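Tertiary structure, described
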Amino acid sequence: MPQTASTEPDKHSMRSAQEQLSQTSWQQAMAEAYVQPADLLQDLGLDPLTTDAAATTFPMRVPRSYAARMARGDPQDPLLLQVLPGRAELLATPGFNADPVGDLNSIRVPGLLQKYAGRALIITTGACAVHCRYCFRRDFPYGEQLAGKKRLAALMETLREDTSITEVILSGGDPLSLTDDRLHDLLKGLDQLPQLQRIRIHTRTPIVLPERVNNSLIEVLQQVRKPLVTVLHCNHANEVDARVSRAISLLKPCSTSLLNQAVLLKGINDSALALVDLSEKLFTAGVLPYYLHQLDPVAGAAHFAVSDAKAREYLREAATRLPGYLVPRLVREQAGAAAKTPL
Ligand SMILES: *Cc1c(COP(=O)(O)O)cnc(C)c1O
Ligand code: SF4
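Residues numbered from 1 in each chain as written. Chains lettered and ligands numbered in written order. Predicted model: local features only at pLDDT ≥ 70, side-chain atom pairs only at ≥ 80, totals over all residues. Heavy atoms only, no water.

This part is about the domain arrangement of the protein chain. Many analyses report the size of an interface as the accessible area lost when the parts associate. Examined at the domain level, the protein chain breaks down into domain 1 (11-90) and domain 2 (104-342). For domain 1 versus domain 2, the distance between C-alpha centres works out to 20 Å. Between domain 1 and domain 2, the contact holds 28 residues from the first and 39 residues from the second. The junction of domain 1 with domain 2 conceals about 3000 Å² of combined surface from both sides, 55% of it contributed by carbon and sulfur atoms. Broken down residue by residue, the surface that domain 1 buries against domain 2 is led by W26, F58 and Q82, which jointly contribute 26%. Our enumeration of links across domain 1 and domain 2 arrives at 3 salt bridges. One salt bridge in this structure joins D241 and R69, with 3.4 Å as the shortest N-O distance. The tally of links from domain 1 across to domain 2 stands at 16 residue pairs in polar contact (both at pLDDT 80 or more). (Domains from an automatic or database assignment. Contact = heavy atoms within 4.5 Å. Buried area = accessible area lost by both parts, 1.4 Å probe. Salt bridge = Lys/Arg side-chain N within 4 Å of Asp/Glu carboxyl O. Polar contact = N/O pair within 3.5 Å; in protein donor to acceptor, adjacent residues only side chain to side chain.)

A separate point is the side chain of S171. Here S171 lies in strand 4 (residues 167-171). Not counting residues up to four positions away in its chain, the partners in contact with S171 are L121, I122, I123, T124, T125, R137 and H202. (Helix = DSSP H or I, 4+ residues; strand = E, 2+ residues; numbered from the N terminus.)

Contact geometry for helix 6 (residues 149-161) and helix 7 (residues 180-191): axes closest at 11 Å, N-to-C directions at 20 degrees. The pairing of helix 6 with helix 7 is recorded here as roughly parallel in orientation. For the pair helix 6 and helix 7, the crossing hand works out as right-handed. Residue-level contacts link K149, L152, M156 and L159 of helix 6 to R182, L186, G189 and L190 of helix 7. (Axes fitted to C-alpha atoms, helices over the stretch in contact; angles between N-to-C directions. Parallel < 35°, antiparallel > 145°, perpendicular 65-115°, else oblique. Left-handed = near helix turned anticlockwise from the far one by under 90°.)

Okay, empty space enclosed by the protein next. Taken as a whole and assessed by the stated rule, the structure comprises 2 cavities of 30 Å³ or more. Taken as a whole, the largest cavity spans an internal volume of roughly 840 Å³. For the largest cavity, the lining is made up of 44 residues, of which F136, R137, S171, H202 and Q261 are closest to its centre. Among the elements of the structure, strand 2 (112-116), strand 3 (119-123), strand 4, strand 5 (198-203), helix 8 (205-208), strand 6 (228-233), strand 7 (257-263) and strand 8 (288-293) are those that each provide at least two residues to the lining of the largest cavity. With 4 residues, strand 2 is the largest single contributor of residues to the lining of the largest cavity. Among the residues forming the lining of the largest cavity, the class breakdown is 22 nonpolar, 12 polar and 10 charged. Looking at the second largest cavity, its volume works out to about 70 Å³. (1 Å grid on protein atoms, 1.4 Å probe; cavity = no way out; pocket = protein on both sides within 12 Å on 5 of 7 lines; lining within 4 Å. Points joined across faces, edges and corners; volume = space filled by probe spheres on them. Nonpolar A, V, L, I, M, F, W, Y, C, P; charged D, E, K, R; others polar.)

Read across the sheet, 10 strands follow the order 1-2-3-4-5-6-7-8-9-10 without closing on themselves; strand pairing throughout is mixed. Two strands bound the open sheet, and with one partner strand each, they are strand 1 (107-109) and strand 10 (341-342). Note that strand 8 and strand 9 (residues 329-332) share 3 bridges and pair parallel. Residue pairing in the sheet places H293 in a bridge with V331 of strand 9. (Pairing = 2+ DSSP bridges.)

Before going further, it helps to examine the pattern of salt bridges. Summed over the entire model, instances satisfying the criterion amount to 18 salt bridges. Here R225 ties to D191 by a salt bridge, and the two come within 3.6 Å at their closest N and O atoms. In this pair, R225 sits in the loop between helix 9 (215-222) and strand 6 while D191 sits in helix 7, placing the two residues 34 residues apart along the sequence. Judged by its relative accessible area of 67%, R225 falls in the exposed class. Of the charged contacts in the structure, one is a salt bridge between R321 and E317, with a shortest N-O distance of 2.4 Å. Of the residues examined, R321 reaches a relative accessible area of 41% and is grouped as partly exposed. (Buried < 20%, exposed > 50% of the residue type's maximum accessible area, 1.4 Å probe, protein only.)

Turning next to the site of ligand 2. Around ligand 2 sit 8 residues in total, of which C128, V130, C132, C135 and R204 are the nearest. Mapping ligand 2 onto the cavity grids shows that it belongs to the largest cavity. Its residues assigned to classes, the shell around ligand 2 shows 5 nonpolar, 2 polar and 1 charged. (Near = heavy atom within 4 Å. Sits in = over half its atoms within 2 Å of the grid points.)

Right, here's the structure in full:
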């Protein structure tokens, strides 16, 4: 499961005191996240007894700036429902398991997953700024797979030797949970691999903890010479407030492409209108939609599932109200498939 990030400052940092400060302020924000459902509910003016809140093995984690975008007094708020642990998670559902997309069968070396030709994915960290209840890696054995400092050397050697890999994706967990120095080292190493055409970062942090996108992060990203593709993870128009838009506008100049993937979630964004609003909001912020994922059948998330028939219907209807380039591709990730499967 995603783990809590270390808040220890970098020992070898050469950055100015001011940058140190801005770096630690996002780590501070991360440390101050809500971890008790009762605290979050109380601040939203909700009675814990009237909600479905329950303790589960996947702890709650909600940054305060994300909670600030939730409507007070609404137990069905689409942001709240993504992060509040509920009793529904405790139900075992046939077909929903701990490794829903065959991650464990695609491990090349610890920390490096490859499912598709040409692209490999690095599990950079187990930590995320937020714990999404539908996370397909909520049960991922991060302890065994983290590409920590020691494993990184072996992993880079694998990449160096396999010239068929032309794109590396930084994933996790969330790569922006790494300190700037660790991210810098990782990106620099990849930037020096001659066969890589581009580097991709998959992150939800700019959406849930926009504080993370500070000058020192931007400096790290600006140093990458290869094309950098940034894929955000935003599921609902209400997730994009002024602060998130500002974070996106900072990321834009250092990204060759700035894209978004969303997960279709029952009760959260399962309507044509919600999908239209999301695409419009993202476009205004400078982001193009990439994928709309059907839920990965991870144990504990069955209550978020939307049928394929409904999913197609919402997307077909959304497509009648959007320019073609604002319609995401509806896909499912299937264990063993050679690409995401279009629906
Ligand atoms: C989703 C995924 C990718 C990226 O697939 P694209 O279709 O290129 O976005 C790459 N590797 C793994 C292991 C993945 O799960
Ligand atoms: S940010 Fe991504 S990896 Fe982290 S909990 Fe959410 S869905 Fe999972």
